[in-house]
Each structure stands twice: as structure tokens, then as C-alpha cells.
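Here's the letter readout for the chains.
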Amino acid sequence: MNNNDVAILGVGMHPWGKWGKNFVEYGVKAANDALADAGIQWRDIQFISGGATMRCGYPGYVAGATFAQALGWQGGEVNTSYAACATGSQALAAARAKILAGECEVALVVGADTTPKGFLAPAKGYRPDDPDWVRFRLGITNPAYFGFSATRRAQLYGTNDDDLAQVKIKNAKHGLHNPNARYRKEFTRESIVGSAMVSYPLRLFHICATSDGGAAMVIASMEYAKKLQKNPVRIAAISTVTPTYPSTTVEMPDIATDSGAHMQSDSFKFSIAKKAYEEAGIGPEDVSTAEVYDLSTSLELDWYEYLGLCEVGEAETLLRNGDTTIGGRIPVNPSGGLCCFGEAVPAQALAQVCELTWQLRGQAGERQVDGASVGITANQGLFGHGSSVIVKR
């Protein structure tokens with residue numbers, strides 16, 4: 001244990017799906033489950049950190065206060081964070097910082113979303129100075145970026161249709177046993193390669209959906225936690241780094257890169273986990289399991305390398321050897337990942353930590369990773385938001 005550890009006292013989720021209800025309902029359900037899991041009362045919470053959603057009007061913009069009011073005003077301080085798909089980690093980082101600064105002892109972190117059908121798109125209007133609006137104006141949706149990335153990976157490392165399908169097959173098999181997952185069914189290679197082409201070489205079943213859902217956590221100082229639990233799962237690190245100049249890889253929502261002709265380029269995505277490992281005082285060799293950002297099956301392969309689980313260009317070998325399935329050397333996405341959940345933007349980074357908490361407690365049921373003691377997450381938000389959380393027991 002180091003001086004930056006905080007305890008995870010409770011976790012909770014609202015199952016993912018397309019429920020068509022107000023996002024607040026999902027967040028409140030997840031929050032109440034997290035409070036019950038922690039064994040504390042809502043009135044004991046001193047700080048409420050909400051993950052904002054851009055799709056649900058003003059209550060979504062001030063999610064921290066929205067959840068606090070829905071649970072019942074009790075005088076606690078509030079915060080709202082937004083970092084696109086890294087929102088949950090930012091909200092968690094804010095609560096952790098408050099605790100480590102000695103300004104509170106116990107905090108609640110909540111993220112929830114209600115999503116429309118189809119692509120996640122920018123707000124309507126004419127905004128030529130908004131890069132996200134511009135790329136949609138040009139027809140460059142999220143799956144277009146996924147396709148560009150997958151094509152590049154195939155050309156560099158030989159990723160083939162079987163590899164892209166196997167990630168889906170693996171994650172679907174994991175998610176089959178997850179009661180919070182939206183999609184709980186197994187897939188065959190034939191059904192995957194027979195699905196509609198979306199953005200070459202990616203087909204419909206290679207890409208995650210958009211979903212409704214919620215996740216919440218109760219975290220506390222180690223001193224406070226001693227009163228309630230003997231050996232809680234601990235947050236050992238949170239990385240929220242940004243890229244360094246020059247950024248030579250096209251990332252959403254950009255349509256061009258910086259020039260790397262006269263300066264060395266450092267990889268943004270490698271730096272996300274590097275910062276987390278340094279803070280936690282561990283390395284990739286210490287990790288038992290990982291929850292990564294599988295917007296597409298190809299992107300999951302990239303994350304194996306960004307997290308240091310294998311050398312660059314060896315992700316396909318890791319997958320083919322069965323190392324990343326439950327029972328393998330380093331199971332990845334034992335929850336089923338976004339493949340089985342879909343994107344509920346403010347909640348998904350928190351959901352990853354919820355899963356790792358259950359894994360490290362030995363409470364994951366049929367998807368349990370044997371002997372799990374260290375877990376890492378990886379996530380990324382638009383406009384350069386890195387996100388990685390390391391938990392230990």
C-alpha cells in the first residue's frame with residue numbers, strides 16, 4: 001500500500017440496454033447498489049462526483065447535483081466532470097483527489113447515460129469551428145476511424161478476419177455470464193463475417209453499439225475504510241494524461257495529424273498506461289486481468305500492446321494462443337467489454353472498475369479470473385482524454 005491508495009467500499013450498476021428511460025433512474029439504481037455494497041448510508045457521503053452526459057439536457061450537464069438531488073439533498077459537496085468516453089475516470093479522479101487532499105473521507109461517484117439510436121453525433125447546429133461537427137459534416141463517423149485503424153493494423157501486423165472475429169467470440173463468451181451486459185449470446189465466426197460491412201474491414205458485429213446504463217462507486221480513505229472492511233480493493237493509480245506534441249496518429253475527432261518530420265513523436269496511448277504503472281509502482285507483468293476499450297475488435301488488439309501485455313505486433317499471437325480469454329495468462333475484458341455492453345459514455349470507465357473490483361473480491365461468478373489481485377483499465381475520450389485505473393488487493 002502507498003500513500004495514494006484509496007479504498008473501494010462499494011460498487012453498483014444498472015444493467016446496460018436500450019431502456020428508453022431517464023438517465024437519472026439508471027444512476028440512482030447504481031448508486032443505491034454501491035451504497036448497499038459499501039454498507040453505509042447516503043447521508044454519510046461527503047462528496048458526490050458525477051459524470052456528465054451531453055445527451056440529456058441540462059440535468060446531464062450538472063450530473064453531480066442531479067444525482068445528489070435525486071438521492072435526496074443532504075448537504076454534501078458536488079462535482080461534475082466531462083471527458084467524453086473517459087468521463088467516468090475523470091469523475092473518479094476528482095473524488096480520489098478530494099480524499100487524498102484530506103477534504104473528505106468518503107465519496108460517491110456516479111455515471112449514467114441514455115443514448116439515441118445510431119451513431120453518437122455532435123449537437124445540432126452550424127459550428128465550423130468545432131472539429132467534432134466538421135468531421136461529421138464530412139461523413140467521418142466513429143466507425144470510419146475504427147476502420148482506418150483496423151486497416152493500418154492489418155497492413156502492419158497481418159491482422160486477419162479470423163482475428164477480428166475471435167475477439168468478438170471471446171468477449172461474447174465472457175459476457176454470456178454477466179447479468180449487467182446488454183448482449184448475452186455467443187457468436188460464431190460465420191455469423192460475424194456474415195454481418196453487414198460498416199467500415200472496411202469492420203463489420204456490424206466487430207463494432208460496439210450505443211446503450212443506456214449506469215455505474216457507481218463508493219470510495220474512501222484507507223483510515224475510514226478500516227472501520228468497515230478488513231482488506232478492501234484499493235485504487236492504486238489513475239492516469240488522465242493527454243497527448244504530447246507532435247501527435248502523429250489520427251484520433252477522433254481530428255482529420256489531420258501534426259508533422260513528425262523534425263521532432264520525435266511519443267505515442268499517446270502508450271503513455272496512458274505508463275503513467276498508471278509508474279504511479280502504482282508496478283509493471284505489466286504484475287497485472288492479473290484488464291478491462292479495455294473495445295469500441296471495435298481491432299482496437300482491443302491495440303490495447304494489448306498499449307498496456308504492455310505483449311510486444312508491438314504480437315497482439316494477434318496473444319489472442320490466438322488463448323492468453324486473453326478467461327483461463328488464459330492475462331484475461332482481457334472478462335466482463336464482456338463494450339462488445340457485450342455498448343457505449344453508455346459517462347458510465348463505461350466506472351463499469352470497468354466495478355468489474356475489476358468484483359474480480360479482485362472473487363465475486364465474478366462464472367467469469368471469475370482465478371487469483372486476480374491486480375487489474376488495469378484502459379479508456380480514451382475525444383479531444384485527448386487518456387484514462388487508465390489500476391486496482392489492487
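Residues numbered from 1 in each chain as written. Predicted model: local features only at pLDDT ≥ 70, side-chain atom pairs only at ≥ 80, totals over all residues. Heavy atoms only, no water.

Draft legend 1. Highlighting the overall build of the protein. In terms of regular secondary structure, the protein is built from 14 helices and 12 strands. The C-alpha atoms of the protein give 20 Å as radius of gyration, which agrees with the globular expectation for 393 residues (21 Å, within 12%). Referenced to the eigenvectors of the C-alpha coordinate spread, the extents of the protein come out at roughly 55 × 50 × 45 Å. Long-range contacts, defined as pairs at least 24 residues apart, comprise 75% of the intrachain contacts of the protein with a sequence gap of at least 6. Accessible surface, the protein as shown: approximately 15,900 Å² in total, 50% of it carbon and sulfur. Each charge class in the protein was averaged separately, 35 positive and 40 negative side chains, and the resulting centres sit 5 Å apart. (Helix = DSSP H or I, 4+ residues; strand = E, 2+ residues; numbered from the N terminus. Rg over C-alpha atoms; globule rule 2.2 N^0.38 Å. Contact = heavy atoms within 4.5 Å. Areas by Shrake-Rupley, 256 points an atom, 1.4 Å probe, with all protein chains shown as cover. Lys, Arg positive; Asp, Glu negative; His and termini not counted. Charge placed at Lys NZ, Arg CZ, Asp CG, Glu CD.)

Draft legend 2. Molecular detail of the packing of helix 1 (residues 23-38) against helix 3 (residues 63-71). Between helix 1 and helix 3, the shortest axis-to-axis distance is 10 Å and the interhelical angle comes to 70°. Relative to helix 3, the element helix 1 lies roughly perpendicular. You can see that helix 1 and helix 3 cross each other, and the crossing is right-handed. In contact with Phe23, Val24, Gly27, Val28, Ala31 and Asn32 of helix 1, helix 3 contributes Thr66, Phe67, Ala70 and Leu71. The class makeup of the residues in the contact of helix 1 with helix 3 is seven nonpolar, three polar and no charged. (Axes fitted to C-alpha atoms, helices over the stretch in contact; angles between N-to-C directions. Parallel < 35°, antiparallel > 145°, perpendicular 65-115°, else oblique. Left-handed = near helix turned anticlockwise from the far one by under 90°. Nonpolar A, V, L, I, M, F, W, Y, C, P; charged D, E, K, R; others polar.)

Draft legend 3. Local environment of the environment of Asp323. Within the fold, Asp323 resides in the loop between helix 12 (315-320) and helix 13 (337-341). A relative accessible area of 18% means that Asp323 is categorised as buried. Between the C-alpha atom of Asp323 and that of Ala216, which follows or precedes it by 107 residues, the distance is 30 Å. (Buried < 20%, exposed > 50% of the residue type's maximum accessible area, 1.4 Å probe, protein only.)

Draft legend 4. Representation of the pattern of salt bridges in the model. One pass over the structure, following the stated rule, counts 21 salt bridges. Taking the shortest distance from any N to any O, the salt bridge between Asp130 and Arg127 comes out at 3.1 Å. Residue class for Asp130 comes out buried when judged on its relative accessible area of 17%. Here Arg127 falls in the partly exposed class, since its relative accessible area comes to 22%. Close ionic contact of Glu223 with Lys226 constitutes a salt bridge, the shortest N to O distance being 3.6 Å. Assigned by exposure class, Glu223 and Lys226 land together as exposed. (Salt bridge = Lys/Arg side-chain N within 4 Å of Asp/Glu carboxyl O.)

Draft legend 5. Layout of the side chain of Ser296. In this structure, Ser296 sits in the loop between strand 9 (289-291) and helix 11 (297-306). A polar atom in the side chain of Ser296 sits 3.2 Å from the backbone nitrogen of Leu299. Non-local contacts of Ser296, meaning those with residues more than four positions away in its chain, are made with Phe146, Leu202, His206 and Ile207. (Polar contact = N/O pair within 3.5 Å; in protein donor to acceptor, adjacent residues only side chain to side chain.)

Draft legend 6. Seen up close, helix 3. What helix 3 keeps buried is the set Ala63, Gly64, Thr66, Phe67, Ala68 and Leu71. Close packing links the buried residues of helix 3 with helix 1, strand 2 (47-51), helix 2 (58-61), strand 3 (77-81) and strand 4 (106-113). Gly72 occupies a position one or two residues after helix 3 and carries a positive phi of about 115°.

Draft legend 7. Looking closely at the nonpolar core. Phe146, Tyr277, Leu295, Tyr304, Leu307, Ile376 and Ile390 are the most contacted members of the largest nonpolar core, which has 47 residues in total. Elements represented by at least two residues in this core include exactly helix 6 (142-157), helix 7 (161-175), strand 8 (233-239), helix 10 (268-280), helix 11, helix 12 and strand 10 (374-377). With six residues, the top contributor of residues to this core is helix 10. Among all residues touching Tyr277, those that are not within four sequence positions of it are Ile282, Gly283, Pro284, Val287, Leu307, Ile376 and Ile390. Ranked by size, the runner-up nonpolar core spans 37 residues in total, among them Ala91, Leu92, Cys340 and Ala347. (Core = buried A, V, L, I, M, F, W, Y, C linked by side-chain atoms within 4.5 Å.)

Draft legend 8. Local environment of the packing of helix 10 against helix 11. Packing of helix 10 against helix 11 leaves a shortest axis separation of 9 Å and a crossing angle of 55°. Here helix 11 runs oblique to helix 10, going by the angle between their axes. Two packed elements cross with a definite hand, and for helix 10 against helix 11 that hand is right-handed. From helix 10, Lys269, Phe270, Ile272 and Ala273 reach across to helix 11, where they touch Leu299, Trp303, Glu305 and Tyr306.

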